[in-house]
Amino acid sequence: MVDITDEELVSLTRAINDRYGLDFTNYEKKSLRRGFGRLISRHHLGSTLGLWGKILRDREFFPQCVDELTVGLTEMFRNSEAWVAVRDQVLPNLYTNPLRIWHSGCSTGEEIYTMAIVLKDKHLLSRAKAVATDLSATALEQAKQGTYPLMTLNRYAKAMRAYRPEAQLEHYFDIDGEEGTIRDMFKRHITFRRHNLVCDPSVGQFEMVFCRNVMIYFDETLKMKALRLFHESLVDGGFLIIGYYDLMPAQAQELFELFDPKTRIYRKKN
């Protein structure tokens, strides 16, 4: 892996911001170094200087590589106990119509469709309106399609059965050969939008915001910026669901109270 100094990191992030308007200034440095290292290695650029030159010379290069820089790891029913808590503890507290949900950093869509299944189980799917956002246009396109390799879906099925033992892939996916596509009823309520948590404004008002395993890539400054945006985007008493490895800064206690410590569910302070 290529060694990247602090000065080189600043130079690369500045070049990306100047060229593409994408600000990675407050991303966690170790993650950013690994991401840039992957780009240099995969595209045979040799060094940070080679990457810097490629960014400045080739306008089409970096937007196609955002996925490699911000690795979006996601699964259906990841940490199944969190989805049980959403079903049994969170949703009974929400009575609005429509029920508005923001999936921030939705990656390739597995979490969105997990929530759609939970909503169906609670007979709430028909009144839900979801916005799914991500920085990566490639990931968003895959999320829109909702098509995944059958091998991957079979891996998800174990977590799905931990959520509900009788659940079967065929209840939710149309299987065709070696792929499965989420059924239309689980995607009609979703609007997909590209969004950058670093610099873009809120996308609306919501009863629930999901941002799971995204903030692990942020430093404390950017975490608080994102958390203030989520606080602004939630109605009074709305719920924020973060990832198992996401750590809330101490300052966030002014914005959110812990609703369920085991599953990393928070509630907006009024």
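Along each chain, residues carry numbers from 1 onward, in the same order as the chain's sequence is written. Local features in this predicted model are restricted to residues of pLDDT 70 or higher, and side-chain atom pairs are both shown and tallied only at a pLDDT of 80 or more, whereas totals for entire chains, interfaces and linings draw on every residue. Side-chain metrics rest on all non-hydrogen atoms present in the structure, leaving aside hydrogens and water.

By the naming in an unreviewed UniProt entry, the protein goes by Chemotaxis protein methyltransferase CheR and is assigned to Catalinimonas alkaloidigena.

A. A look at the packing of aromatic side chains. Only rings of Phe, Tyr and Trp enter the pairing, Trp through its six-membered ring, and a pair is recorded when the two centres are within 6.5 Å. The plane angle decides the type: under 30 degrees is stacked, over 60 is edge-to-face, the rest tilted. With the rule as written, the count across this model stands at seven aromatic pairs. An aromatic cluster of three or more residues is present, and its members are Phe77, Trp83, Tyr163 and Phe210.

B. A look at helix H6 (residues 110-121). We count a stretch as a helix when DSSP gives it H or I for four or more residues in a row; a strand needs E for two or more, and each element gets its number in order from the N terminus. Here a helix's expected span is defined as the number of its residues, less one, multiplied by 1.5 Å. In this model H6 runs 17 Å from its N-terminal to its C-terminal C-alpha over 12 residues, within 8% of the 16 Å that 1.5 Å per residue would give. Of all 12 residues making up H6, 10 are buried, and the element is well covered by its neighbours. The complete set of buried residues in H6 reads Glu110, Glu111, Ile112, Tyr113, Thr114, Met115, Ala116, Ile117, Val118 and Leu119. Burial status follows relative accessibility: with a 1.4 Å probe on protein chains alone, a residue under 20% of its type maximum counts as buried, one over 50% as exposed, and anything between as partly exposed.

C. Region of the structure containing the packing of helix H5 (residues 80-90) against H6. All axes are obtained by fitting lines to C-alpha atoms, using only the stretch in contact for helices, and the reported angles, taken between N-to-C directions, cover 0 to 180 degrees. Contact pair H5 / H6: the axes reach a minimum separation of 10 Å and the direction vectors enclose 40°. Considering their axes alone, H5 and H6 lie oblique with respect to each other. For the pair H5 and H6, the crossing hand works out as right-handed. Residues Trp83, Val86 and Arg87 of H5 lie in contact with H6, whose contacting residues are Glu111, Thr114, Met115 and Val118. Residues of the contact of H5 with H6, tallied by class, amount to four nonpolar, one polar and two charged. Here is the rule for angles: anything less than 35 degrees is roughly parallel, anything more than 145 is roughly antiparallel, 65 through 115 is roughly perpendicular, and the remaining ranges are oblique. Handedness of a helix crossing follows the sense of rotation of the near helix relative to the far helix, less than a right angle counterclockwise being left-handed and clockwise being right-handed. A contact between two residues is defined here by any heavy atoms of the two lying within 4.5 Å. Put simply, Ala, Val, Leu, Ile, Met, Phe, Trp, Tyr, Cys and Pro go in the nonpolar bin, Asp, Glu, Lys and Arg in the charged bin, and everything else, Gly too, in the polar bin.

D. Local environment of a nonpolar patch on the surface. Patches here are clusters of residues that have more than 30% relative accessible area and form no salt bridge, with a 9 Å joining cutoff for like charges and a 5 Å cutoff for nonpolar side chains (Val, Leu, Ile, Met, Phe, Trp, Tyr). Only the protein chains shown count as covering a residue, and every accessible area follows the Shrake-Rupley method with a 1.4 Å probe. The salt bridge criterion pairs a side-chain nitrogen of Lys or Arg with a carboxyl oxygen of Asp or Glu, the two atoms within 4 Å. Together, Leu49, Trp52 and Leu56 line one region of the surface with nonpolar side chains, adding up to about 290 Å² of accessible area. Tracing the sequence through the fold places Leu49 in helix H3 (residues 48-57).

E. Seen up close, the environment of Ala139. Note that Ala139 resides in helix H7 (residues 137-145). Once the C-alpha coordinates of Ala139 and Ala159 are considered, the two residues, 20 residues apart in sequence, prove to be 22 Å apart.

F. A look at the nonpolar core. Within the largest apolar cluster, 44 residues are counted, with the highest numbers of intra-cluster contacts made by Val86, Leu91, Met115, Leu119 and Met208. When residues of this core are assigned to their parent elements, the largest contribution, seven residues, is made by H6. Setting aside residues up to four positions removed in sequence, Val86 forms contacts with Leu91, Pro92, Met115, Val118, Met208, Phe210, Ile241 and Ile265. As used here, the term nonpolar core means buried Ala, Val, Leu, Ile, Met, Phe, Trp, Tyr and Cys residues forming a set that is joined through side-chain atoms within 4.5 Å. Val209, Met215, Ala226 and Leu234 belong to the second largest nonpolar core, which has 42 residues in total.

G. Molecular detail of the pattern of salt bridges. Scanning the model with the defined rule gives 11 salt bridges in all. One salt bridge connects Glu166 with Arg164, and the closest N-O pair in it is separated by 3.1 Å. We classify Glu166 as partly exposed; its relative accessible area is 47%. By relative accessible area, Arg164 is classed as buried at 17%. Note that Asp174 and Arg183 form a salt bridge whose closest N and O atoms lie 3.1 Å from each other. Owing to a relative accessible area of 43%, Asp174 belongs among the partly exposed residues under this scheme. Via salt bridges that share partners, Asp121, Arg164 and Glu166 belong to a single interconnected network.

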